[in-house]
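A closer look at the structure
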Amino acid sequence: MKLRIALSALSAAVVLAAPLPAHAGPPKLGWELKETGVTARLRGLSPVSRAVVWASGSEGTVLRTVDGGRSWQNVSPPGTAALQFRDIEAFDARSAVALSIGEGTDSRVYRTEDGGGTWTETFRNDEPKAFYDCLAFFDRRHGLAMSDPVDGRFRILATEDGGQSWRVLPADGMPEALPGEAGFAASGQCLVTAGGRDVWLASGGASRSRVFHSDDRGRTWTVADTPIPAGDPARGVFGLAFRDRHRGLAVGGDYRPEQQSPSAGAVSGDGGATWHAAATPPPAYRSGVTWLPHLPFAAVAVGPSGSDVTYSGGKSWETFDGGSFDAVSCAGDLSCWASGEQGRLARLTVK
């Protein structure tokens, strides 16, 4: 983040990397809303920098800004108004890969190399049982997409050419799914990476909420239980964030507004092998979470009822905003963004 996100990345880095004075309290966070001109629910979010951000969502919507959110271009792929682009991964101002979710052929991948001027459909699901939820990349070439279980195991799709072509990985390295277990396409964070080979998959909808981990780009997996609420199709882990291959955060709960979501946050210090409930978790269901750059123990979580911050690596959270967001993500230059319903898109400010 930055001291005020309008500051240069360099000056912000100096401010945020420096320790706070002993008498100073934690930074005061807020959201600066940006007018997008759309009413779609934006659950896909991929900031590249302070200037370049991509977002995607319902009604086949894909948006892009190259001026820090002052203006947004609707670069939606033609003929996709019936699709929901729940996840998008952008590499720069011109290149991005978007995932539409749904049963059967509604699950598709589109790719652009000209800033959304033209799109190529590079994958269309032909397995009726599959329902793809999330997309994640290790680098510009290597990436994965995950589907709800097919024949008892989560299905993993892989690319080695930046999303131009895809293949289904063998299922024998994936542990068996629990009855009713699935992923949640709520924020594009049910599948996340850290480094060149590690990837984690979040699940819910079953008797236990779990996190799967692979250290070989999705070929073999281990799985661990989490304390996030489970035992119902509407409960589980909705969002993951790993600062590195060891330190992880999980958020979720029960997405139904009338339900309570105690213990909606968990932390891991061993790469997801074990998870521990936050001592003071977010007060309600949260769908997205991200680590804040240059503040080693700070992260932000978002959901329909508000946004929370932790300065203790996920052990304790406090609410700083009551607005509705679904997804949150940060770029490498300290800028952080959130998106959600009714075309809401905002940049994080720090005072």
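Right, let's walk through the structure included here. (Residues numbered from 1 in each chain as written. Predicted model: local features only at pLDDT ≥ 70, side-chain atom pairs only at ≥ 80, totals over all residues. Heavy atoms only, no water.)

**Notes on the layout of surface pockets**
Short version of the rule: Within this scheme a cavity is a closed region of a 1 Å grid, computed over the protein atoms alone, that accommodates a 1.4 Å probe without allowing it to escape, whereas a pocket is open but has protein on both sides within 12 Å along at least five of seven lines; lining residues each have an atom within 4 Å of a point. Grid points are joined across faces, edges and corners, and a volume is the space filled by probe spheres set on the points. Secondary structure elements follow DSSP: runs of H or I no shorter than four residues count as helices, runs of E no shorter than two count as strands, and numbering proceeds from the N terminus. Gly counts as polar in this scheme, as do all residues outside two lists: the nonpolar Ala, Val, Leu, Ile, Met, Phe, Trp, Tyr, Cys and Pro, and the charged Asp, Glu, Lys and Arg.
Reported here for the largest pocket is a volume of approximately 860 Å³. Looking at the largest pocket, it is lined by 36 residues, and the ones nearest its centre are Glu89, Thr193, Thr290, Ser329 and Cys330. Those elements that place two or more of their residues in the lining of the largest pocket are β2 (44-47), β6 (85-90), β11 (131-137), β15 (191-194), β19 (235-242), β23 (288-291) and β27 (327-330). In the lining of the largest pocket, the residues fall into 23 nonpolar, 8 polar and 5 charged. Looking at the second largest pocket, its volume works out to about 480 Å³.

**Notes on unusual backbone geometry**
Short version of the rule: Relative accessibility decides the category of a residue: with a 1.4 Å probe and only protein chains considered, values under 20% of the type maximum give buried, values over 50% give exposed, and everything between is partly exposed.
Phi angles above zero are rare outside glycine, and Ser263 is one such case at about 55 degrees. Examined against the element boundaries, Ser263 turns out to sit in the loop between β20 (248-254) and β21 (265-268). The class for Ser263 is partly exposed, based on a relative accessible area of 29%. The phi angle at Gln342 is positive, at roughly 55 degrees, despite the residue not being glycine. Using a relative accessible area of 56% as the deciding quantity, one classes Gln342 as exposed.

**Section: the state of the cysteines**
We count it as follows: Criterion for a disulfide: a pair of cysteine sulfur atoms within 2.5 Å.
Across all of its chains, the model carries 2 disulfides by this definition. Between the sulfur of Cys134 and that of Cys190 lies a disulfide, 1.9 Å long from S to S. The chirality of the disulfide connecting Cys134 with Cys190 is right-handed, given an S-S dihedral of about 120 degrees. With a gap of 56 residues between them, Cys134 in strand β11 and Cys190 in the loop between β14 (167-168) and β15 connect regions that are remote in the sequence.

**Comments concerning the sheet that holds strand β4 (residues 62-65)**
To keep things clear, this is the line we draw: Pairing between strands is defined by DSSP: at least two bridges between them are needed.
Reading across from one edge, β2-β3-β4-β5 is the order of the 4 strands in this open sheet, with antiparallel pairing throughout. One side of each edge strand has no neighbouring strand; the edge strands of this open sheet are β2 and β5 (73-74). For β4 and β5, the ladder comprises 2 bridges, and the chain directions are antiparallel. Note that in β5 the partner of Arg64 across the bridge is Gln73.

**Side note on the packing of aromatic side chains**
We count it as follows: Centre distance within 6.5 Å is the pairing criterion for rings of Phe, Tyr and Trp, where only the six-membered ring of Trp is used; planes under 30 degrees apart are then read as stacked, over 60 as edge-to-face, and the remainder as tilted. We call a charge positioned above a ring when the Lys NZ or Arg CZ atom is no farther than 6 Å from the ring centre and deviates by at most 35 degrees from the ring normal.
Scanning the entire structure with this criterion turns up 14 aromatic pairs. When the ring of Phe137 is compared with that of Trp166, the centres are 6.3 Å apart and the planes differ by 75 degrees; the resulting orientation is edge-to-face. Placement of the pair is Phe137 in strand β11 and Trp166 in the loop between β13 (153-159) and β14, with a sequence separation of 29 residues. A ring pair is formed by Phe238 and Tyr285, whose centres lie 4.8 Å apart and whose planes are at 75 degrees; its orientation type is edge-to-face. One end of the pair, Phe238, is in strand β19; the other, Tyr285, is in the loop between β22 (276-277) and β23, and 47 residues separate them in sequence. Exposure class is identical for Phe238 and Tyr285. Each is buried. These aromatic residues form a ring-pair network of at least three members: Phe184, Phe238, Tyr255 and Tyr285. One Lys or Arg, Arg217, reaches over the ring of Phe138 and ends 5.6 Å from the middle of that ring. One cation-aromatic arrangement involves Arg247 over Trp291; the distance from NZ or CZ to the ring centre is 6.0 Å.

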